[in-house]
Structure formats: structure tokens, C-alpha cells
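# Inside the fold
Spelled out from the first residue to the last, the chains are:
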Amino acid sequence: MATDGFSATEKAAMKQRAAELRAEAKQQKAADKAAADLQNVLDAHAAMTPSERALAENLHAIVLEQAPDLLPKTWYGFPSYAGPDGRIVVFFQPGGKFGTRYSTVGFQDAAALDEGSLWATSFAYTAVDDGSTAQLVELIARATRGGAATD
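Please read these numbers as outputs of a predicted model, since none were measured by experiment.

## Section: the confidence of the model for the protein
With 94% of its residues at a pLDDT of 70 or more, the protein has an overall mean of 91. For the stretch residues 147-151, pLDDT sits under 50, and the model shows 8 contacts to residues farther than four places along the chain or on other chains.

Quick look at the structure:
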């Protein structure tokens, strides 16, 4: 019995499988990018002085625990954390990069820190201790509680 090629059902199945393979490739590419972004952050930590590295690693641990939806990536070479939309929410700027006496934890406009008509968007960060860790936990929680207010 001779056939004229694939049946409509077979063609539909092949199209479905091709779509599945494209989706898998896209997911793998995203996973590879996320892994590369995380490695870039870890490499940025490794390039810091020991005291700055301790600060950056403490912030990193807080963000991973308090805001697991934020994605680690570098931003202008700084360890940073972006929302699912790719917008930076929080970043760490080591003081040694610009010869300043302290490192900074900064927040971009994607952070929900809005408080009236004036609020802080960066904080000097000099030591890992219970007080600074508690403040950072609170700031990260506030910054990620549903997006920044807009007027």
C-alpha cells in the first residue's frame, strides 16, 4: 500500500515535538544565562578585599533568603539583584572601587522603598554585625514587597 507521505496526525505530532524542542532550548539558554550571571557575581566577590567580600557575601545571603525571586547579576561590575523583569532592585558597591571609605548598598527605582516624598536609596555599609544584618533584612523585605510606587 503506497502513501503520499505523512498523515495530518503525524505532521501535527512532528510540529508539536519541534515546538517542545524549541521550548526546551529556550529554557536551557535561560538556565545557562542565570548560571553565568551568578558566577559573575561570585567572581566579583572574589575580586574584592576580604572585608568588602564579607559585606557583599552577607548581602548576597540576605537577598537569596529574603527575596529568592531576585536574580543575581553584575551591573557595572557590581554584584546586583534584579527582578524577573531584569530591572535592578539592589546592588553592592565596594568602597575600594572608587577609593571611598565605605561600601554602599544601593537601591534602584524598582525597589519599593517609597516613603512619603523623601527616602533613602543608598546606605553606607561598613561591617557585618547583627544590627546591619537586621537592617538589610528589613530593607530587602521592604524593597521587594510588590514593586515601587509610581505617581
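This is not the end of the story, as more comes after the structure.
## So, the nonpolar core
Leu 59, Val 90, Phe 92, Val 105, Phe 107 and Ile 140 are the most contacted members of the largest nonpolar core, which totals 23 residues. Among the secondary structure elements, those contributing two or more residues to this core are helix H2 (50-66), strand E3 (88-93), strand E4 (103-107) and helix H4 (130-143). Ranked by residues supplied to this core, first place goes to H2 with 5 residues. Ignoring sequence-local partners within four residues, the contact set of Phe 92 consists of Met 48, Glu 52, Leu 55, Ala 56, Leu 59, Phe 78, Pro 79, Ser 103, Thr 104, Val 105 and Tyr 125.

## Describing helix H1 (residues 8-46)
In a regular helix each residue adds 1.5 Å, so 39 residues correspond to 57 Å; H1 covers 57 Å between its end C-alpha atoms and thus fits that length. Among the residues making up H1, those that are buried are Asp 37, Val 41, Ala 44 and His 45. On its buried face, H1 is in contact with H2, strand E1 (71-75) and strand E2 (78-82).

Rules used in this analysis
Residues numbered from 1 in each chain as written. Predicted model: local features only at pLDDT ≥ 70, side-chain atom pairs only at ≥ 80, totals over all residues. Heavy atoms only, no water. pLDDT = per-residue confidence, 0-100. Contact = heavy atoms within 4.5 Å. Core = buried A, V, L, I, M, F, W, Y, C linked by side-chain atoms within 4.5 Å. Buried < 20%, exposed > 50% of the residue type's maximum accessible area, 1.4 Å probe, protein only. Helix = DSSP H or I, 4+ residues; strand = E, 2+ residues; numbered from the N terminus. Expected span 1.5 Å × (residues − 1).

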